[in-house]
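Topology and contacts: notes
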Amino acid sequence: MTPNTKGALFALLAFGIFASHDVIIKVLGSSYSPVQIVFFSVLFSFPLAMLYLLRDATPGTLIPKHPWWMAGRTIAAVITGFCAFYAFSVLPLAQVYAILFASPLLITILAIPILGEKVKLRRWIAVAVGLTGVLVVLRPGSADLELGHLAALISAICGSIASIIVRKIGREERAVVIMLYPMMANFVVMASLLPLVYQPLPLVDLGKLGVIALLAWTAGRFLIAAYNTGEAVIVAPMQYSQIIWASFYGVLFFGEVPDTATIVGSAIIIASGLFIVLRESKAPGSEQPVLRTRSRPETGTTPRVSPFLRRDKRPK
């Protein structure tokens, strides 16, 4: 088996696990506030984060070298987590994924002011086409837009901001610092809001929250293995396999059949995202903001480190 094949399989497994993670969020979201789900997800993730912290031999402290960028990433990750969990709770899975798939388009745009990248005409066209696909999914004016649609869109935007900041500071910040600050912020913010929305949790639901943390950690490990094994141009497009899982799980558990607009819009977004990935694969490393950011939006709820932090720190 070639490294690229192995990397693709690792990625497919990772995104399949992430999809299962999102199903549990949706199930719990019918009974509990996203605040409560995020809080307990972070709480159960701390033991895994501590294991990572103990294994990290990188010299340094937990004080960020770029405090303002870290603050921006932390705020973006907290918003991403809350909005994503809410969107999964109230929208069909396929619609949420379709909107989140706009992240590569947004990262391409954000790379201009944050990384100083130059985006050429073809990629601008791909971005415009992809954003048109988002409008097809949302159907403004012909369908009722819900708060969940806005939450999914905010999650995609803030997740892209968090990812592009990692790309900017990842060479200089310790991976454990980049991981822990959003988790701690999520814990503090959600803990302060929890008394307003708390619902008693039976043992079964508490176990589901633990499973969310475990699935996210496991999927994150497989995703890092995928990027460390195969080329990014092969691994990155595997994220779009989540739309298959979303359709399957949606029909199986929730009676959700993707409508025509969601299917067409998803196809447009995926096509434009693939075009950007393929274009970047032919560009110098400094012009690969999408390939060199994580394929899954950072939510700050689990100890998942960007797969490119380690690679970017290797001496060249």
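This text goes with the structure placed above it.
In this report, the structure presented in the accompanying data block is examined. Starting from 1, residues in each chain are numbered consecutively following that chain's sequence as written. Per-residue local features of the predicted model are confined to residues with pLDDT of at least 70, and side-chain atom pairs are confined, for both listing and counting, to 80 or more; whole-chain, interface and lining totals are unaffected and use all residues. Hydrogen atoms and water are omitted, and side-chain values are computed over all heavy atoms in the structure.

1. Structural notes on the overall build of the protein
Secondary structure elements are taken from DSSP: a helix is a run of H or I of four residues or more, a strand is a run of E of two residues or more, and numbering for both begins at the N terminus. Looking only at helices and strands, the protein features 13 helices and zero strands. For the protein, the N- to C-terminal ordering of α and β elements is α-α-α-α-α-α-α-α-α-α-α-α-α. As defined in this context, the radius of gyration uses C-alpha atoms, and a globule is described by 2.2 Å times the residue total to the power 0.38. Taking 20 Å as the expected radius of gyration for a compact globule of 316 residues, we find that the protein reaches 18 Å, a close match to that expectation. Seen through its C-alpha atoms, the protein measures out along the principal axes to roughly 55 × 50 × 40 Å. A simple rule labels every residue: compare its accessible area, found with a 1.4 Å probe on the protein chains alone, to the largest value its type can have, and call it buried under 20%, exposed over 50%, or partly exposed in between. Within the protein, the proportion of its 316 residues that are buried is 54%. Taking contacts inside the protein between residues at least 6 apart in sequence as the whole, the part at least 24 apart equals 88%. Per-residue and other accessible areas follow the Shrake-Rupley method at a 1.4 Å probe size, with only the shown protein chains counted as cover for residues. Split by element, the accessible area of the protein, about 13600 Å² in all, is 70% carbon and sulfur. Once the 27 positive and 15 negative side-chain charges of the protein are each reduced to a mean point, those two points are 9 Å apart. Pairs of residues are marked as contacts when any of their non-hydrogen atoms sit within 4.5 Å. Under the convention used here, Asp and Glu are negative, Lys and Arg are positive, and both His and the chain ends fall outside the count. Think of each charge as sitting on NZ of Lys, CZ of Arg, CG of Asp or CD of Glu.

2. What to know about the packing of helix α5 (residues 103-115) against helix α7 (residues 147-169)
Running from amino to carboxyl end, α5 crosses α7 at an angle of 50°, the nearest separation of the two axes being 9 Å. One way to sum up the angle between α5 and α7 is to call them oblique. You can see that α5 and α7 cross each other, and the crossing is right-handed. Where α5 approaches α7, its residues S103, L106, I107, L110, A111, I114 and L115 are matched on the opposing element by A156, I157, S160, I161, S163, I164, R167 and K168. In this classification, the charged set is Asp, Glu, Lys and Arg, the nonpolar set is Ala, Val, Leu, Ile, Met, Phe, Trp, Tyr, Cys and Pro, and all remaining amino acids, among them Gly, are polar. Along the lines of polarity and charge, the residues of the contact of α5 with α7 split into ten nonpolar, three polar and two charged. Lines are fitted to the C-alpha atoms to define the axes, a helix being fitted only along its stretch in contact, and any angle between axes, read from their N-to-C directions, falls within 0 to 180 degrees. For classification purposes, angles smaller than 35 degrees are called roughly parallel, those larger than 145 roughly antiparallel, those between 65 and 115 roughly perpendicular, and all remaining angles oblique. We call a crossing left-handed when the near helix sits turned anticlockwise from the far one by less than a right angle, and right-handed when that turn is clockwise.

3. Quick look at helix α11 (residues 242-254)
All of the buried residues in α11 are Q242, I243, A246, Y249 and G250. Each buried residue of α11 lies within a common arc of 130° when the element is viewed along its axis, so the set occupies one face. Looking at the buried positions of α11, the neighbouring elements they touch are α1 (3-29), α4 (93-100) and α12 (260-281). At the C-terminal side of α11, G255 shows a positive phi close to 65°. The arc in question is formed by the directions pointing from the helix axis toward the C-beta atoms.

4. Side note on the packing of aromatic side chains
The pairing test for Phe, Tyr and Trp rings, Trp by its six-membered ring, is centres within 6.5 Å, and the orientation test on the planes gives stacked under 30 degrees, edge-to-face over 60, and tilted for anything in between. For the structure shown, the criterion picks out 13 aromatic pairs. Look at F88 and Y97: their rings are 5.5 Å apart centre to centre, the planes differ by 65°, and that puts the pair in the edge-to-face class. Like Y97, F88 is buried. By definition, being over a ring means that NZ of Lys or CZ of Arg is both within 6 Å of the ring centre and within 35 degrees of the ring normal. Taking the ring centre of F254 as reference, the NZ or CZ of K26 above it sits at 5.3 Å. Above the ring of W217, the side-chain terminus of R221 is found at 4.6 Å from the ring centroid.

5. Re helix α2 (residues 34-55)
With 22 residues, α2 should cover 32 Å at 1.5 Å per step; its first-to-last C-alpha distance of 31 Å lies within 8% of that length. Bend is computed residue by residue as the angle between axes fitted to the seven residues ending at the residue and the seven residues starting at it. For α2, the principal kink sits at F46 and spans about 40°; a proline, P47, occurs within the next four residues. A helix's residues, less one, multiplied by 1.5 Å, set its expected span.

6. Observations regarding the state of the cysteines
Whenever a pair of cysteine sulfur atoms sits within 2.5 Å, that pair is classed as a disulfide. Across all of its chains, the model carries zero disulfides by this definition. Counting only cysteine sulfurs, C158 is the nearest neighbor of C83, a cysteine outside any disulfide, at a range of 6.5 Å. We classify C83 as buried; its relative accessible area is 9%.

7. Description of the side chain of S45
With respect to the helices, strands and loops of the structure, S45 is situated in helix α2. Separated by 2.7 Å, the side chain of S45 and the backbone oxygen of S41 make a polar contact. Two N or O atoms form a polar contact when they lie within 3.5 Å of each other; inside protein one atom must be a possible hydrogen donor and the other a possible acceptor, and for residues adjacent in sequence the pair counts only when both atoms belong to side chains.

8. Description of the pattern of salt bridges
Salt bridge, as used here: a side-chain nitrogen of Lys or Arg that lies within 4 Å of a carboxyl oxygen of Asp or Glu. Enumeration over the complete set of coordinates arrives at three salt bridges. Here K26 and E256 are joined by a salt bridge, their closest N and O atoms 3.2 Å apart. Taken as a pair, K26 in helix α1 and E256 in the loop between α11 and α12 lie far apart in primary sequence, 230 residues in all. The same class applies to K26 and to E256, which are both buried.

9. Side note on a nonpolar patch on the surface
A surface patch of nonpolar side chains, about 450 Å² in accessible area, is lined by I112, L121, W124, I125 and V129. Looking at the nonpolar patch, the element that brings in the most residues is helix α6 (residues 121-138), giving four residues. Counting through the fold element by element, V129 comes out in helix α6. Patches here are clusters of residues that have more than 30% relative accessible area and form no salt bridge, with a 9 Å joining cutoff for like charges and a 5 Å cutoff for nonpolar side chains (Val, Leu, Ile, Met, Phe, Trp, Tyr).

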